[in-house]
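Chain and residue survey
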Amino acid sequence: MGDATLLPDRGTEILIPVCAVIGIAFALVQWLLVAKVRLSNGKDYAGGRSGYTEALIEEEEGVSDHSVVRKCAEIQSAISEGATSFLFTEYQYVGIFMVAFAILIFVFLGSVEGFSTKSQPCTYDSTRMCKPALATAAFSTLSFLLGAFTSVVSGFLGMKIATFANARTTLEARKGVGKAFIVAFRSGAVMGFLLAANGLLVLYIAINLFKLYYGSDWEGLFEAITGYGLGGSSMALFGRVGGGIYTKAADVGADLVGKVERNIPEDDPRNPAVIADNVGDNVGDIAGMGSDLFGSYAESSCAALVVASISSFGITHDLTAMLYPLLVSSVGILICLLTTLFATDFFEVKAVEEIEPALKKQLIISTVLMTFGIAIVSWISLPSTFTIFNFGVQKEVKSWELFLCVAVGLWAGLIIGFVTEYYTSNAYSPVQDVADSCRTGAATNVIFGLALGYKSVIIPILAIAVSIFVSFSFAAMYGIAVAALGMLSTIATGLAIDAYGPISDNAGGIAEMAGMSHSIRERTDALDAAGNTTAAIGKGFAIGSAALVSLALFGAFVSRADISTVDVLTPKVFIGLLVGAMLPYWFSAMTMKSVGSAALKMVEEVRRQFNTIPGLMEGTAKPDYTNCVKISTDASIKEMIPPGALVMLTPLIVGIFFGVETLSGVLAGALVSGVQIAISASNTGGAWDNAKKYIEAGASEHARALGPKGSAAHKAAVIGDTVGDPLKDTSGPSLNILIKLMAVESLVFAPFFATHGGLLFKIF
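Residues numbered from 1 in each chain as written. Predicted model: local features only at pLDDT ≥ 70, side-chain atom pairs only at ≥ 80, totals over all residues. Heavy atoms only, no water.

1. Observations concerning the overall build of the protein chain
Quick reminder of the rule: Helical segments are the DSSP runs of H or I of at least four residues, strand segments are the runs of E of at least two, and each set is numbered from the N terminus. Just to be clear, the radius of gyration here is over C-alpha atoms, and the globule rule we use is 2.2 Å times residues to the power 0.38. The contact criterion used throughout is that any non-hydrogen atoms of two residues lie within 4.5 Å. The Shrake-Rupley method, run with a 1.4 Å probe, gives the accessible areas here. Residue values count only the displayed protein chains as cover. Counting rule applied: Lys, Arg positive; Asp, Glu negative; His and chain ends not counted. Taken as the charge centre is NZ of Lys, CZ of Arg, CG of Asp or CD of Glu, depending on the residue.
The helix and strand tally for the protein chain stands at 23 helices and four strands. Against the 2.2 N^0.38 benchmark of 27 Å for 764 residues, the protein chain shows a C-alpha radius of gyration of 26 Å, consistent with a compact globule. For the protein chain, the C-alpha atoms occupy an extent of roughly 80 × 60 × 45 Å along the three principal directions. Within the protein chain, counting contacts between residues at least 6 apart in sequence, those at least 24 apart form 84% of the total. With an accessible surface of roughly 26,100 Å², the protein chain has 68% of that area assigned to carbon and sulfur atoms. Separation of charge centres in the protein chain, based on 49 positive and 63 negative side chains, amounts to 2 Å.

2. Some words on the packing of aromatic side chains
Test applied: Centre distance within 6.5 Å is the pairing criterion for rings of Phe, Tyr and Trp, where only the six-membered ring of Trp is used; planes under 30 degrees apart are then read as stacked, over 60 as edge-to-face, and the remainder as tilted.
This model, assessed by the stated rule, comprises 27 aromatic pairs. Each ring, one from Phe-88 and one from Phe-156, has its centre 5.5 Å from the other, and the planes form 55 degrees; the classification is tilted. Placement of the pair is Phe-88 in helix α3 (residues 65-110) and Phe-156 in helix α4 (residues 133-172), with a sequence separation of 68 residues. An aromatic cluster of three or more residues is present, and its members are Phe-97, Phe-101, Phe-108, Phe-144, Phe-238, Phe-749, Phe-752 and Phe-753.

3. Quick notes on the side chain of Ser-680
Under the convention used in this document: Under the scheme applied here, a residue whose accessible area is under 20% of the maximum for its type counts as buried, over 50% as exposed, and between as partly exposed, the area being computed with a 1.4 Å probe on protein chains only.
Inspection of the secondary structure puts Ser-680 in helix α20 (residues 641-697). We classify Ser-680 as buried; its relative accessible area is 8%. Look past the residues within four positions of Ser-680 in its chain and what remains in contact with it is Gly-453, Tyr-454 and Val-457.

4. Some points on the confidence of the model for the protein chain
To be explicit about the condition: How sure the predictor is of each residue is captured by pLDDT, a score from 0 to 100.
Per-residue confidence for the protein chain gives a mean pLDDT of 87; residues scoring 70 or more make up 95%. Mean pLDDT values over the elements of the protein chain span from 42, in helix α2 (residues 50-61), up to 95, in helix α14 (residues 442-455). Low pLDDT (under 50) marks residues 42-63, which in the prediction has 24 contacts with non-local residues, meaning those over four places away or in another chain.

5. Description of the nonpolar core
The line we're drawing: For the purposes of this section, nonpolar cores are sets of buried Ala, Val, Leu, Ile, Met, Phe, Trp, Tyr and Cys residues that join through side-chain atoms within 4.5 Å.
Within the largest apolar cluster, 232 residues are counted, with the highest numbers of intra-cluster contacts made by Phe-181, Tyr-324, Ile-355 and Tyr-478. It is helix α5 (residues 177-214) that contributes the most residues to this core, 23 residues altogether. Setting aside residues no more than four positions away along its own chain, Tyr-478 makes contact with Ala-304, Val-307, Ala-308, Phe-313, Ala-321, Tyr-324, Pro-325, Ile-388 and Leu-402.

6. Re the pairing of strand β3 (residues 385-390)
Applicable threshold: At least two DSSP bridges between two strands are required for those strands to pair.
Among the six residues that make up β3, six are buried, leaving the element largely enclosed by the rest of the structure. The two faces of β3 match: Thr-385, Thr-387 and Phe-389 on one face and Phe-386, Ile-388 and Asn-390 on the other face are all buried. As defined by bridge partners, β3 adjoins strand β4 (residues 393-398) across six bridges and the pair is classed as antiparallel. Along β4, the bridge assignment pairs Thr-385 with Lys-398.

7. Points about helix α13 (residues 429-436)
Basically, it comes down to this: Working note: the arc is built from the helix axis to C-beta atom directions.
Within the sequence span of α13, burial applies to Pro-430, Val-431, Val-434 and Ala-435. Within α13, the buried residues cover an arc of 140 degrees as seen down the axis, which keeps them to one side. Residues of α13 that are buried sit in contact with α12 (399-424), α14 and α20.

8. Comments concerning the pattern of salt bridges
Quick reminder of the rule: Just to be clear on terms, a salt bridge is a Lys or Arg side-chain nitrogen sitting within 4 Å of an Asp or Glu carboxyl oxygen.
Enumeration according to the criterion identifies 28 salt bridges in this entry. Across the pair Lys-539 and Asp-729 runs a salt bridge, and its minimum N-O distance is 2.9 Å. On the criterion of sequence distance, the pair formed by Lys-539 in helix α17 (residues 518-560) and Asp-729 in helix α22 (residues 712-756) is long-range, its members being 190 residues apart. When sorted by exposure, Lys-539 lands in the same class as Asp-729, which is buried.

9. Observations concerning the packing of helix α7 (residues 274-309) against helix α15 (residues 458-488)
What counts here: Interaxial angles span 0 to 180 degrees and are taken between N-to-C directions of axes, which are lines fitted to C-alpha atoms, for helices over the stretch in contact. Should an angle lie under 35 degrees it is considered roughly parallel, over 145 roughly antiparallel, and from 65 to 115 roughly perpendicular; all remaining angles are considered oblique. Here a crossing is called left-handed whenever its near helix is offset anticlockwise from the far helix by less than a right angle, and right-handed whenever the offset is clockwise. Nonpolar residues are Ala, Val, Leu, Ile, Met, Phe, Trp, Tyr, Cys and Pro. Charged residues are Asp, Glu, Lys and Arg, and all others, Gly as well, are polar.
Remark: α7 packs on α15, axes separated minimally by 9 Å, with the N-to-C direction vectors making an angle of 150 degrees. The pairing of α7 with α15 is recorded here as roughly antiparallel in orientation. The handedness of the crossing between α7 and α15 is left-handed. When α7 is examined against α15, the residues Leu-293, Ser-296, Tyr-297, Ser-300, Ser-301, Ala-303, Ala-304, Val-307 and Ala-308 are found in contact with a partner set consisting of Met-477, Tyr-478, Ala-481, Val-482, Ala-484, Leu-485 and Leu-488. In terms of residue class, the contact of α7 with α15 is built from 13 nonpolar, three polar and no charged.

10. Re unusual backbone geometry
In the Ramachandran plot, Asn-263 falls in the positive-phi region, its phi being about 60 degrees despite a non-glycine side chain. You can see Asn-263 is positioned in the loop between α6 (218-261) and α7. Its identity as a non-glycine residue notwithstanding, Ala-476 has a phi of 50 degrees, on the positive side.

11. With respect to α17
The condition that has to hold: One less than the number of residues in a helix, times 1.5 Å, gives the span that helix is expected to have.
Between its first and last C-alpha, α17 extends 61 Å over 43 residues, near the 63 Å set by a 1.5 Å rise per residue. Buried residues dominate α17, accounting for 39 of its 43 residues. Just downstream of α17 lies Asp-562, where phi reads positive at about 65 degrees.

12. Some remarks on the environment of Asp-729
Threshold: Nitrogen and oxygen atoms within 3.5 Å of one another constitute a polar contact, given that in protein one can donate a hydrogen and the other can accept it, and given that sequence-neighbouring residues count only through two side-chain atoms.
Look at Asp-729 and you get buried, because its relative accessible area is 4%. Separated by 379 residues in the primary sequence, Asp-729 and Lys-350 have C-alpha atoms spaced 31 Å apart. Leave out the neighbours within four places in its chain, and Asp-729 touches Gly-244, Lys-248, Asp-285 and Lys-539. At a separation of 2.9 Å, a polar atom in the side chain of Asp-729 contacts the side chain of Lys-539. There is a polar contact of 3.3 Å between the side chain of Asp-729 and the side chain of Lys-728.

13. Brief notes about the environment of Ser-588
Counting through the fold element by element, Ser-588 comes out in helix α18 (residues 571-612). Residue classification places Ser-588 among the buried positions, given a relative accessible area of 11%. A C-alpha to C-alpha distance of 38 Å links Ser-588 and Ser-311, two positions 277 residues apart in sequence. If we skip the residues at most four places from it in the chain, Ser-588 touches Ile-677, Ser-731 and Leu-735.

14. Points about the packing of α3 against α22
Each pair of packed helices can be summarised by the angle the axes make with each other and by the distance between the axes. α22 packs onto α3 with a crossing angle of 35 degrees between their chain directions and a minimal axis gap of 8 Å. Between α3 and α22, the residues in contact are Phe-101, Leu-104, Ile-105, Phe-108 and Leu-109 and Glu-745, Val-748, Phe-749, Pro-751 and Phe-752, respectively.

15. Concerning a nonpolar patch on the surface
Put simply, the rule reads: Distance thresholds for patches are 9 Å for like charges and 5 Å for nonpolar side chains (Val, Leu, Ile, Met, Phe, Trp, Tyr), applied to residues having over 30% relative accessible area and no salt bridge.
Together, Val-568, Phe-574, Leu-578, Val-579, Met-582 and Trp-586 make up an exposed nonpolar region whose accessible area comes to about 540 Å². A relative accessible area of 35% places Met-582 in the partly exposed class.

16. Things to note about the environment of Gly-147
For Gly-147, the position within the fold is in helix α4. We classify Gly-147 as buried; its relative accessible area is 0%. In the structure, Gly-147 is positioned 86 residues away from Ser-233 in sequence and 8.1 Å away in space, judged by C-alpha atoms. Once residues lying within four places of it in the same chain are set aside, the contact partners of Gly-147 are Tyr-228, Gly-231, Gly-232 and Phe-294.

Right, dumping it as structure tokens:
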């Protein structure tokens, strides 16, 4: 049975932190490379090597360089200030909530044994003694706060880097598309590597610190660690919803008045909502996405560790095999590092056509290399046979079977990424069909777009289904948890291509606002259209991994709450299923309505400014940007509370009043319906956005026939894009957090629900 692993425990203890530190160092190097592009005026352009190249650029553009650079720097600082102040406001509100929730965790979990400080018989092995429930309560609370803090830091750093890089991308675009691409991509990589490495490092340190108290009681130790995932995801929920409402209120307001009513281009400096729109990209797509993927990563690690701690790894105290999930992530960082070099150093992007292929190659290269990486990790860190806890019995598993579980998750992620790309990129027929339908107005555009979104669900769901079946057959719930980890093992690359989108979007906005020439705007538009697709791919990954993570957490919850089977035919469970399946709709309704009402306020404000500020349309007077930023901030802070409360309170209410069986039904229902809505919403929105870009770019005969900006077909496309905005950036991406968060919260509170839950059924 317990034959030793090839990698000694000491090796594991060195490998994990070293990989994390390498990841952080690589991120800093990329950041320094981005920082080489200067944003100050005058001095840098004087003599020296760069003097004559800059002069050439000035002649080519016919703009005096210094004024443009100065303008870019001003706009960048406005965006950066807006984003920073919004995040600080958001974190203040969320901080209060976190403290309250932390107290709740402590009280609920501490009360399981009536706050006794004596050791208790273990949950899964009554012959051994384990640490008291009070300790689990204290450490769960601590890891919850740690996870929340790491999540905040991930989002905030990402936003800082993005606002640092956006103007630099614009300035590099004067030298050509390739140069601009590299700046945007490098800054995305900074965020990806910082986040992956930080998540890993903090989790590893937490495990080691908790071990000082828990000693040989691994079961209690890893149960307390689940709080880390809960903290990460609950922060992500508010970041995603708050940021999503912010960005879309501004975007919808700016588009409706600017493009449809006033016929001015996107990101025109005369539009009062334009700064708020660009700030929104950073707080929603960057800070929100960062926290979200960090949450997924933390939870899949926690789910795997919980199941492993009650399997042979935990019983025989085999540290290397126990930390297999962390080893997979460590190797993932190294593989992604190598992959990133392919885009920045080995091959150079020279033309517009090469942008999207370069980003797609990132996914393929990282997946192929990672397959080998996982094989090596599985070979050196797992015993040849071991057992995995499977609903009360130990199931024997071989190490190659576990390798297949991770690999199947990894490749499913790639498939989901490519299907998403097919349905949202304007290089393929689905989006071109949607664009074509704009000829007959906005209604047909909306119909075609919705149909596309629903259709795009088919293959991703089949991919998820196959990976669930394969991984569960091999290694029960542990298999599903590591499959989710497999999907997220290339998270650094995934995040890099994801963060690239909003950065290039901002770069385009800055080019328009600084009054740069048409050719530069075309370059940034090309970067941005590719960015839209990669953002959709990133969302696909987040949703796919959320489905697997949620199922793994569900399995851990069912084991912990001591339910042997979840029977759909019992009324308790079935009502749970129905209510659970309804929750994503309720949640989407809340977020969509929030965007709608915030956008309404924004439209009124923008109209008011156009009507009352003399000389605004002529460009002689400046609009009041700060007012629009304030509207977005206030709306999103106020509106993020109800959806957040819905997700956080549902498991508590169901668990306390209806008990664990009904709760298991609710979790299953929410998972099944949430995934479908999330995929279709993200892809519908992405397709509408790119259909609009397709018409605007006019790259083919077909696109030119649909008309220049301002034609009837273009206006119909803008309306579709506006409808799709809350779908793809607020409801869709937040749903995957709903699925995961409810599951991880149920797992953390499982001991409490199992002993004190189900009050209503106890009364009757």
